[in-house]
Every structure is written in structure tokens, then in C-alpha cells.
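Chain by chain, the residues:
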There are 2 protein chains.
Amino acid sequence: MTPFPTLGILGGGQLGKMMALAAARMNVNARFLAPRDAGPMSTFADCTVADWTAAHVLRPFAEGCDAVTVESEWAPAGPMSEVLPDETALWPAPGTVGVIKHKGRQMTRLRKAGLPLPSFRCCRALDEALAAARDLGYPVVLKQYEGSYDGYGNATATGDDELRSAWDDLAADDGLLVENLVSFECELSVLVARRPGGESIVYPVARTVQRDHRCHAVEVPARISGEALNEAKRVGREAVDAVEGVGITAAELFLADDGRILVNELAPRPHNTGHYTIDASRASQFENHVRAVLDWPLGDPSLKAPAAVMVNVLGRRQHTPPDASGLPEALDVPGASVHVYGKPEVRPNRKMGHVTVVGDDLGEARERAGQAAERIRL
Amino acid sequence: MTPFPTLGILGGGQLGKMMALAAARMNVNARFLAPRDAGPMSTFADCTVADWTAAHVLRPFAEGCDAVTVESEWAPAGPMSEVLPDETALWPAPGTVGVIKHKGRQMTRLRKAGLPLPSFRCCRALDEALAAARDLGYPVVLKQYEGSYDGYGNATATGDDELRSAWDDLAADDGLLVENLVSFECELSVLVARRPGGESIVYPVARTVQRDHRCHAVEVPARISGEALNEAKRVGREAVDAVEGVGITAAELFLADDGRILVNELAPRPHNTGHYTIDASRASQFENHVRAVLDWPLGDPSLKAPAAVMVNVLGRRQHTPPDASGLPEALDVPGASVHVYGKPEVRPNRKMGHVTVVGDDLGEARERAGQAAERIRL
């Protein structure tokens, strides 16, 4: 008799919640460990709140788990690997997480693997950065190696003065990444589910629409040429192979004005740009993450319908609990699938939920998803 | 500020689990009450195991719930209604559950509302039953008023001797229902989601395929004439109106050989024949159940793809815990969405899970769903 497996999740936010919902369908027991009482995980029975960097917490958490996974690159994959029981798998591997979460190491790894990238330099000092920028050609983007996201920890410089000022604001002990600012037609996302042995499946190419440096909407399939679609899938799959991602790894890509597909960055986990898959795909990114980290066969990533659009629901207020009063109005939009994560506190621009509309027409789906997301008003 | 609601579920089996999974997406908190530790609910944080007929258990359970619902017609809706706090709704209403769970009252109510039914008599004694059978014409079906399902509590009689023997086996104090055996082309199912004010939506007509008096597979859309589809939807909606169902009510129907649509029976809850909706519909029966009992706008019941097939996974062994070893093989069938309920003990023919395949072609979906269900071997 083979008992049904237990999956340990380091993290208790919306990604962990959506993993656990997918796991529950298959009778995979989800066990959470988080450093504080995160709202989204509170739906589930098996949650521990404790110092998740401590060996005496990690070890008993992992005992009895068939696999442990991380909800984000900031979860303690390294400390977990040091105390991991022999019979427990840990995916993605700490090496993968370590490469991805440091933008310099990530870009260097991808460049070595021959993947198309914006031109970049890892700069330890201002002088190096000035030389790099002149060499690459302004404008450039300066990025912190760790922790930059959604417009935080980044800056664009169009000349030496702006670069100096950005350096002063952002540079850490190990400097900054200086990267060519890519002039692009659109941003794309490719999700790859990959098993420990290297077998992988690739989701349809999605177009991501940014607002204020944040993912606002995702449209699938991306309306770009067949050639660009194929190249995006190839680049996504090979980038994930290059970092040996296991589970879901997301590749954010540029379709540059010159037609090239370039890797922007990777994330070693289910991704905001893949939330549409819950409602639109034969197997969601969360189900395939669970299947991949348990080394089970991967599910079909294809769409059930011709088109899907996801729109994020961002917080609009400060330090208040979420307000459900807009939810019935949102549900009144035809075809809207409304997801609310259950975070206990609203902050401006915090990801509080999302809406997906699945249909025949991308334009109509976009309009409806936008309308429903607007009505929630968390 | 309106807080997110809490939904009390009387019952802890697979229907409650799937309601709670749908609720969690919308940040509706599910709270379970069950008389024993049912496996499926154990995924969730808020579970009580206690005597669920006792006022001192029911009252505190319902306090703080926005609505309470029942997982089945055998849950204590009546006792709950007696201690229900003023601010808590209870749906479906105990009156609806009471009418549906007694086959004589159910058929009588539907006949009064003018719905097409098999001819039937409520018989208190054997003499009445013999007279009824001769009048209706053999063969007839004898049914216990309460508790008969999946071939239990029912018998077919082709003549007086068989009827006498069936009467001896089955008759309770209040006798039996004697019903014309309908010669039918196929069995159909129509799910209706209905709000307290009477607004309702109707799911596509599904064809149910029985094996050994049990639901084996469900195909959607049913391949019957457009006229029969419309009539099935009309009959389903009006039958649910007649019993004032709130939440999901399932109408099992016959498409008789003479082309008429007849009501076989109703169920006041999400139904096995609607499990396909989780993967195939814009809003699942579980989501619409939650929305309806909270008096929220109802979701779009239409299919995302042209065809869907669900096949049940039934237990094959006796008194053993389920064995996960077949699950990876089942997941290897392209497009198979595998659901395992998490019941702690296998019994022959017990509903342990189901598989849905969504696609373009009913035949291919049926083949794949059957193949995956076969491989699970719980």
C-alpha cells in the first residue's frame, strides 16, 4: 500500500494557498510552515507558525513530508536542505533558488547557456557602472541583485548623472547589475513545469500588461507571430533547463522591437502571470507544481477555451482588513472567476486577489475581467 | 466594512470538501460539523466532530455563520432550524429537504405542480400496492420513501408474486411508493442553482450512464434532440421551483422511449452528476451552491469547451485505506483531471473519487476519463 503523500510548503501566502487547493483535489496533504500567521494558509488544517530558519523547526516539519517546496525565492531553502530527512525531496533545489534569486548569478548562468538576454554587466563600483553604461549605451537599468521587484530596487538612467544618483540610492556591498534598457513591443511570460529528471511541459505564451511597474493583466494566448511564439517557448524551456528548475519556473520575456525574444528574469515558483491557468488550463500551474515536485507525470498545459484574461486585484487602502462588500457586484459580471487570497490586511498595491475570464474573445474577456476586478474594491 | 462570510456545512464528506474548496477561492470561510471524523473535511482548519443533532452543538456552530447548508438530505436541517440564530440563513430550507427526502411527498409535490412524472401511487398496504400495480400496469418499481438510492431500497416487480415478495422485503410502516417502470432511451441530469428570491440558472443537460444501478459516467452535453434538451431544462427548472430549492438542486430525469421528459428524482444539494462542472464549467456547481446560499449573484453555468466527461472512481476493496500507487499512472492519461476525496476507508463501490476530461470530442473524452479512472485502483 502506498499512502497518499504529504507536501510541505515553506510559506503561507496566496501561492501556497493555491498550491494546497490543487493538492487537496488529488488528496495530497499540504503542510504549511510560515514565520508569521499568514492569512491565506489559514483555510488549511496543517499549519505551523514558527522561526522557519531554525533547524529544530525545519527538521520535524520535513519529517513525514514526501517533498518540501518553497512558495518564494525568499523561503529558507538552504537551511531546509541542511536538515532534510533522507526520505524527503526538496524542490526546487536550493542551488536553483540561489541562482535565480541573485540577478547577477541568474543572468550569468543564462548567458553561459547561450540564452538571448539584454546586454548586461555585473558592476562592483560606480566607476565600473559608468564604464558599462557608456559601453552598453544609455539608457540603462540598474538593478539590485537581490530583492528588487515590481519597480522596487530598480532605476533607469539616461546619462552619467542619473546613473550616479541611482548608484547612491541602490548600490549594495556587491554593487549593482547594469543592463541595457530593452525597447520592446511587449512583455511575455512562459511557465515551465519540470520534473526532477528533466522532463518538462510549457504553457502557452502569455502577454503581460504592466501598469506602474506591476503586472496588471495577463492575456492568453499572446497575439504575436507564430515565429515569436515558438521562439518564446524555446527560450522559456531552455532557460528553465539552464537553472535546472523543478516544479513551476516562470520565465518573463521581452519581445524586443527588433523581433528578438530576450529573457528578462526567472522566478522559481508558480507565478502571478500563471494564475489564469486555474480556470483556463487543463492542468493549472499549481497542480503541475505539485505533480512535478512529487515527480508525478505532468498535466496538459493547454487552454480549454480559445482565450483567457487575468486581471490582478490590488489593495487600495492602508492597514485595513479587506472589505467584502464589492464581491457580490464583481460576481455579477458574466463569466468572472473571482479569487480572493484572504490576506488579513490591505495595503496600497498589495496583491489581494485576481479575476479570470475564460472565453472565445480576448477583447471581451479583458473587458469583463477588468470590470470585475474594479468592482471588488478591497 | 463588510467582513468575508463564514459558511457552515453540516457534513464532512466529498460534497462538503468540494464546497469548501470553491468557497476558499472567494475567501469564504468553510466551517464543518460532522458526527464522526470524515476524511474529506480533514483538509480544512475549521472542523467540529460532535453530536450534530444536539441543540448545544448546533447553536454555537451556527453562531457567526452567515449561512448554514447541508451536504446531504440526511443532515440535521430540522434540528438546526430550531436553534438557528436570527442573523444566520439556512439553505436549502428544512421544508425543501423534508419534501425531497421523502419520495412520496416529493412525487406528490411535483405532480401538483404539473410536472411530468412516471405514474405512481403511495401505498400503505400490500392490497393497495397490488391494486396500484394492476392499474398502472406491470412492470412496476417499488421504492422505500426514505433512504433508497443506487439500487438499495428499490425493487422491480413484473407480476403479483414478485410484488408480494418485494413488499415483504422493503415495506416500512408507511408502506412503499409504487411507480410505473419507465422504458427510457437514456437518463439525464439537470442541475439548477437557485437563490432565496427565486432567481435561478440551469446547467447544460448531462447524460448519465448507469452501471449496476450506480452513476458510472456523465457526458455533457447530452446528445439528444434540441427539443428534448429544452424540455429537460424547463422540467428541471420548474421542478426545483416547485420544491423551492435554494443552492444547487439536481433533477434526475428520464428521456422516455416515447420522447417525454419525466422527473425521476430530485436531490437538494450538489450532485455526483455535476462534478464535471469543477473542470468544465465557467462556474462549478460547488461555487454556485456557495453563491446561492449566501444570496450572491449566480455564476455562468456554461461549458468552457465543447465536451466533458466524468467517470466515477469506485472502491474495489473492503475496509482498507486507499492506496495511492495507481494515481501517477492515472495522471499520465492526457487531459485527465483526477479528484480523490480522501475517505479513510475503501469499501466496494464506495465513491472514492472521480476523473473529468474536458475536450472537443465526447468519445475521446469518455475513453480517456474511463482509462484514468480505471488506473487509480483505490
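Residue positions are counted from 1 within each chain, in the order its sequence is given. Starting at A for chains and at 1 for ligands, labels are handed out in the order in which the entities are written. Whole-chain, interface and lining totals are the exception, using all residues; otherwise, since this is a predicted model, local features are given only for residues with pLDDT of at least 70 and side-chain atom pairs are given and counted only at 80 or more.

### A look at the interface of chain A and chain B
Every contact between the two is made by 38 residues of chain A and, on the other side, 38 residues of chain B. Under the DSSP-based scheme used, a helix requires at least four consecutive residues in state H or I and a strand at least two consecutive residues in state E, with every element numbered from the N terminus. The set of elements that each furnish at least two residues to the side of chain A that touches chain B consists of α1 (14-25), α11 (327-331) and β17 (336-340) of chain A. Among the residues making up the side of chain A that touches chain B, the classes are represented as 22 nonpolar, nine polar and seven charged. Note on contacts: each residue gets a C-beta atom placed from the backbone, and two residues are in contact if those atoms are within 7 Å. Put simply, Ala, Val, Leu, Ile, Met, Phe, Trp, Tyr, Cys and Pro go in the nonpolar bin, Asp, Glu, Lys and Arg in the charged bin, and everything else, Gly too, in the polar bin.

### Structural notes on the relation of the copies chain A and chain B
Once turned by 180° and shifted 0.0 Å along the axis, chain A lies on chain B with an RMSD of 0.0 Å. Read as a symmetry element, the transformation amounts to a two-fold axis. Among all residues of chain A, the minimum C-alpha distance to the rotation axis is found for alanine 45 of chain A, at 1.9 Å. A shared binding surface is used by both copies, with 100% of the interface residues of chain A retained as interface residues in chain B. Superposition of the copies was done by least squares, using only C-alpha atoms of residues whose pLDDT is at least 70 in both.

### Some details on the domain arrangement of chain A
The figure often quoted for interface size is the accessible area lost as the parts come together. The source of the domain bounds is an automatic or database domain assignment. Per the domain assignment, the segments making up chain A are domain 1 (6-90), domain 2 (119-180) and domain 3 (184-376). Averaged C-alpha coordinates put domain 2 of chain A and domain 3 of chain A at centres separated by 29 Å.

### A look at helix α4 (residues 94-101) of chain B
All names here are of chain B. Within the sequence span of α4, burial applies to Thr96, Val97, Val99 and Ile100. Along the axis of α4, the buried residues cluster in a sector spanning 165°; they form a single face. Where α4 is buried, its residues contact β4 (67-70), α3 (77-83), α5 (103-112) and β15 (261-267). Remark: C-beta atoms are placed from the backbone, and a residue is labelled buried if 20 or more other C-beta atoms sit within 10 Å of its own, exposed if 12 or fewer do, or partly exposed between those counts. Note that the arc is defined by the directions from the helix axis to the C-beta atoms.

### Looking at unusual backbone geometry
The omega torsion across tryptophan 91 of chain A and proline 92 of chain A is -5°, close enough to zero to call that bond cis. By the secondary structure assignment, proline 92 of chain A is in the loop between β5 (89-90) and α4 (94-101). Omega for the peptide link from valine 220 of chain B to proline 221 of chain B comes to -5°, which places this bond in the cis form. Locating proline 221 of chain B in the fold gives a position in the loop between β13 (214-220) and α8 (226-242). Non-glycine residue asparagine 27 of chain B carries a positive phi angle of around 60°. Within the secondary structure layout, asparagine 27 of chain B lies in the loop between α1 (14-25) and β2 (29-34).

### Structural notes on helix α10 (residues 285-293) of chain A
Residue and element names in this part refer to chain A. The buried fraction of α10 amounts to nine of the nine residues, a majority that puts the element mostly inside the structure. When α10 is considered as a whole, its buried residues turn out to be Gln285, Phe286, Glu287, Asn288, His289, Val290, Arg291, Ala292 and Val293. Of the residues one or two after α10, aspartate 295 is the one with positive phi, at around 55°.

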